[in-house]
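Reading the structure
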Amino acid sequence: MRKRLKLLYLSVFIISGLLVVVSPLFFFAASATYVEGHITLDTIWTLTDSPFVLSKDVIVDPGVTLTIMPGVEVRFAENFALIVKGKLAADGTQDKWITFTSNKEQPTAGDWNTIQFIDGTQPSTLTYCLIEYATNGATIQNSNVKIMNSEIRHNSMSAIAIENGYVEVMNNEISDSGD
């Protein structure tokens, strides 16, 4: 009986050790950076840490800049929003777009809320961005936002909802949105 018990413990120990060594090889593709809550310091989201999955609302506090690097993918887990009270610099390039999309395997319009700019005193930019499957692609309230060379599609209500502010929209493709 003791020999069997020792053999069982040894087997469990060896298998556990193999899982620790082998598991990163099998699961590296599923890695993501989960974010939620307030961003209180200037922050950069890099391609290395992409995709970024919003597991709750993310709020960029006043006076703070969130910079999203070219090629980064931002996914929204549910009906959450990226709320910008400071500054968003999402400047992709012609060959490395920034994507804002649903985290669902089969996305549909309205899967997530919006990129919301509220009372921002610093100008924010969305350049070479794909914004899809939201309720409203972008919502601007008393803010300064420039959206250029981007594509906004498959949103259940509006591609861009403007309540007040200074908004510059140039060279964008807007399609398949409710309004």
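Residues numbered from 1 in each chain as written. Predicted model: local features only at pLDDT ≥ 70, side-chain atom pairs only at ≥ 80, totals over all residues. Heavy atoms only, no water.

1. Considering the overall build of the protein
When helices and strands are tallied, the protein shows 1 helix and 15 strands. Across the 179 residues of the protein, 40% fall into the buried class. Here the analysis covers contacts within the protein between residues at least 6 apart in sequence; of these, 41% occur between residues at least 24 apart. For the protein, the accessible area works out to roughly 10300 Å², and carbon and sulfur atoms hold 56% of it. (Helix = DSSP H or I, 4+ residues; strand = E, 2+ residues; numbered from the N terminus. Buried < 20%, exposed > 50% of the residue type's maximum accessible area, 1.4 Å probe, protein only. Contact = heavy atoms within 4.5 Å. Areas by Shrake-Rupley, 256 points an atom, 1.4 Å probe, with all protein chains shown as cover.)

2. Here we look at the environment of Met 148
The residue Met 148 is located in strand β12 (residues 136–148) in this model. With 23 residues separating them along the chain, Met 148 and Thr 125 place their C-alpha atoms 7.9 Å apart. Sequence-distant contacts of Met 148, defined by excluding residues within four places in its chain, comprise Leu 126, Thr 127, Tyr 128, Met 170 and Asn 172.

3. Thoughts on the packing of aromatic side chains
This model, assessed by the stated rule, comprises 3 aromatic pairs. Consider the rings of Phe 76 and Trp 112, whose centres lie 3.7 Å apart with planes at 5 degrees: the pair is stacked. A residue pair is termed long-range when its members are at least 10 positions apart, and Phe 76 in strand β5 (residues 73–76) and Trp 112 in the loop between β8 (98–102) and β9 (115–118) qualify at 36 residues. By the burial criterion, Phe 76 is buried, and Trp 112 matches it. (Phe/Tyr/Trp six-rings, centres within 6.5 Å; stacked < 30°, edge-to-face > 60°.)

4. Some points on the nonpolar core
Of all hydrophobic cores here, the largest spans 33 residues; its most connected members are Trp 45, Ile 68, Leu 82, Leu 88, Phe 100, Phe 117 and Leu 126. Other than its neighbours up to four places away in sequence, Leu 126 contacts Leu 88, Ala 90, Phe 100, Phe 117, Ile 131, Lys 146, Ile 147, Met 148 and Ser 150. (Core = buried A, V, L, I, M, F, W, Y, C linked by side-chain atoms within 4.5 Å.)

5. Description of the environment of Val 72
Tracing the sequence through the fold places Val 72 in the loop between β4 (65–68) and β5. Overall, the relative accessible area of 0% leaves Val 72 in the buried class. The sequence separation of Val 72 and Thr 46 amounts to 26 residues, and the corresponding C-alpha distance is 6.5 Å.

6. Brief notes about the confidence of the model for the protein
Considering every residue of the protein, the mean pLDDT works out to 88; 83% of them sit at 70 or more. Confidence drops under pLDDT 50 across residues 12–16; counting only partners more than four residues distant or on other chains, this segment forms 0 contacts. The low-confidence segment residues 18–29 (pLDDT under 50) makes 2 contacts with residues lying over four places distant or belonging to another chain. (pLDDT = per-residue confidence, 0-100.)

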